[in-house]
Each structure stands twice: as structure tokens, then as C-alpha cells.
Amino acid sequence: MLELKGANCDKVKIKMSTLSPASKKRVEQNEVDFQEVMLKDTDSHATVAVWDKMVNTLQKGECVTITKCRKLAYDETLLLVSDDEDDDVDNNGNWSNTPISDFKSGTITAVFDVDPYLACPTTSCNNTKLAPAESIQCMKCKNCGRNYGESACNNYIRATVMIEVEDSNKPPQKVAIFKPQIEKLFTSRGFTLPSSNDQTELLLKFFEIIPVDIKFHMINNTIKQLTCKRVA
Ligand SMILES: [Zn+2]
């Protein structure tokens, strides 16, 4: 039988015990449906978070299969990642010339959230996240101060993931990753990015690919570049 404490397994089948009432949680700028489910076996229990469209679809006593269970050595004091833009350069200028030999090896072990958003189409704004402008159907960039119609904006994605760095005594780190690198991850696993930019669909794709080993270059808690092995 499974040990939920320290669970590290690819698949568990388990009976729903207690379900919390559905509520909302704030993830980035969005209110997302949220529910907690208590899972039990003979001698231990675990609480599992249920998000978005899955909320209110589960019933007490029902058996479900959960895949890719990982115990998270998650340190609450980890730095919170809050940048909304994908800065293309660091303070010294060019990161894109970082030789691959300087990349670190690590594993993306979890995903916390995925945020598809409309980004500023102006190149120098580096995909700054846009906020709705006062006039309807217009988005405003806080960086360049301009307004854009939705069709003119870039569809961009930002995700927050957990990375465990090889050969380091550091605890796993919570870091941001943006669309070009997310696309590389997905492609390496034979997936394409869902064209709908649907948050749930993106999250489910992430759940399918993690854990994933990468070599990466990181600046200010953002994975700027990565390579990963293609898996057939
Ligand atoms: Zn802008």
C-alpha cells in the first residue's frame, strides 16, 4: 500500500476521504477555483489541492488515480517570484551569449502555476504583461504607457516551477520560466503548446512532462535559457 508520507511514485489509486468546500484562491492576478481533498490510507494521510475545472467534480468515497506523485521538500521561505515581464537582458547586457558549458544541470520537479497573458508587442518592453485599459477591449502597457487592441498584443506565457539543482546543497528553488523556454520543454517531450492558451490545458501538459531534466542558465530567479534531451 502506498505511503503518502514521502510519497514518490508514478501512480496511486486512492479513495477520496474528506473534501473541503470549493473556494477561490488568488493566483497571480486571477481568482481560481480551489478545493482541498484529504487522501487516506491505513496509516497516513495527505492533502491534495484541486484546481480550476477539477473543482466539484470529485465525490467522497470515489476512487481516483493520481499520477506523478512527488513529495515536495518545499521551503516556504523561498523567494517569491513576482516579475511579470521576461527581461531579455541582465544588468550587464547580453545573456544570450552564455556558453552552454556554463549551464547548470537541474530537474524541474513541480509546477505551481501557469499564467497565459497578453504582452506588450513593443520589442523593448520585453513582453511586459498588459493590464486592461479604461476603454473597453484595450490593453495598457505600464512600461511604455501605450494602449493596444487585443489582436495587436503578443500571447505570452509565464509559469512558476520548482527546480532542483544537481550537486548543490541548496533546497529546491521556485523560479519563473517564460514562453520560449516553456515551448522548448514541451517540444522536447513531443508536445506543442496548446494554441488555445488555456490555463488548465497548459497545467495538464506540464504535469505530463515533469519531472524533466534540463540544463539551464538563470538570472534573478528566471530561467533565461535551457536545453533538454528530446524524448521520443
Ligand atoms: Zn510596452
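Keep in mind the model is a prediction, meaning the values are calculated, not measured.

**Q** Honestly, the overall build of the protein in this entry has me stumped. Any pointers?
**A** The number of helices and strands found in the protein is two helices and 15 strands. Taken across its 232 residues, the protein has 42% of its residues classed as buried. Sequence separation of at least 24 residues holds for 61% of the intrachain contacts in the protein that already meet a minimum separation of 6. Looking at the protein as shown, the accessible area adds up to about 13600 Å², and 48% of this sits on carbon and sulfur atoms.

**Q** Where do I start with the confidence of the model for the protein in this structure?
**A** Low-pLDDT portions of the prediction should not be read for the details of their coordinates. Summarising the model, the protein shows a mean pLDDT of 77, and 73% of its residues fall at 70 or more. Taken element by element, the predicted model of the protein shows its lowest mean pLDDT in strand β7 (residues 93-94) (40) and its highest in strand β12 (residues 154-165) (94).

**Q** It is not clear to me how the coordination of the zinc ion should be interpreted in this structure. Could you clarify?
**A** Angles at a metal have ideal values that depend on geometry: 109.5 degrees with four tetrahedral donors, 90 or 180 degrees with six octahedral donors. At 2.3 to 2.4 Å from the zinc ion lie its protein donor atoms, namely Cys-120 (SG), Cys-125 (SG), Cys-141 (SG) and Cys-144 (SG). Coordination geometry of the zinc ion: the four donor atoms subtend angles of 103 to 112° at the metal centre, consistent with an arrangement described as tetrahedral. Donor residues for the zinc ion sit on one chain with the sequence pattern C-x4-C-x15-C-x2-C. Placement of the pair is Cys-125 in the loop between β8 (104-119) and β9 (131-132) and Cys-144 in the loop between β10 (138-140) and β11 (147-149), with a sequence separation of 19 residues.

**Q** Help me understand the sheet that holds β11 in this model?
**A** Note on sheets: strands pair through backbone hydrogen bonds, and any given pair is parallel or antiparallel. Strand order in the open sheet made by the three strands is β9-β10-β11, with antiparallel pairing throughout. Two strands close off the open sheet at either side, each with one partner strand: β9 and β11. With three bridges connecting them, β10 and β11 associate as antiparallel partners. The partner of Cys-138 across the bridge, within β11, is Gly-149.

**Q** I'm lost on the environment of Leu-203 in this one. Help?
**A** The topology assignment puts Leu-203 in helix α2 (residues 199-209). For Leu-203 and Val-111, which are 92 residues apart along the polypeptide, the C-alpha to C-alpha distance reads 7.7 Å. Leu-203 has contacts with Val-111 and Val-114, leaving out every residue within four places of it along the chain.

**Q** So what exactly am I meant to see when it comes to the pattern of salt bridges here?
**A** Two side chains with opposite charge may pair up if their charged atoms get near one another. If you walk through the whole model with that rule in mind, you get one salt bridge. Measuring nitrogen to oxygen at the nearest pair gives 2.7 Å for the salt bridge that ties Asp-115 to Lys-129. In this pair, Asp-115 is assigned in strand β8 and Lys-129 in the loop between β8 and β9, connecting sequence segments 14 residues apart.

**Q** Quick question: what am I supposed to make of the packing of aromatic side chains here?
**A** One pair of aromatic rings is described through two measures. These are the centre distance and the angle between the planes. Per the stated rule, a full pass over the model turns up three aromatic pairs. When the ring of Tyr-117 is compared with that of Tyr-156, the centres are 6.0 Å apart and the planes differ by 65°; the resulting orientation is edge-to-face. Highlighted residues: Tyr-117 in strand β8 and Tyr-156 in strand β12, separated in sequence by 39 residues. Accessibility assignment for this pair places Tyr-117 and Tyr-156 in one class, buried. The ring of Phe-112 carries Lys-174 above its face, with NZ or CZ at 4.7 Å from the centroid.

Thresholds, definitions, all that
- Residues numbered from 1 in each chain as written.
- Predicted model: local features only at pLDDT ≥ 70, side-chain atom pairs only at ≥ 80, totals over all residues.
- Heavy atoms only, no water.
- Helix = DSSP H or I, 4+ residues; strand = E, 2+ residues; numbered from the N terminus.
- Buried < 20%, exposed > 50% of the residue type's maximum accessible area, 1.4 Å probe, protein only.
- Contact = heavy atoms within 4.5 Å.
- Areas by Shrake-Rupley, 256 points an atom, 1.4 Å probe, with all protein chains shown as cover.
- pLDDT = per-residue confidence, 0-100.
- Donors = N, O, S within 2.8 Å, 3.2 Å for Na, K, Ca; no water.
- Tetrahedral: all angles 85-135°; square planar, octahedral: opposite > 155°, others 65-115°.
- Pairing = 2+ DSSP bridges.
- Salt bridge = Lys/Arg side-chain N within 4 Å of Asp/Glu carboxyl O.
- Phe/Tyr/Trp six-rings, centres within 6.5 Å; stacked < 30°, edge-to-face > 60°.
- Lys NZ or Arg CZ within 6 Å of the ring centre and 35° of its normal.

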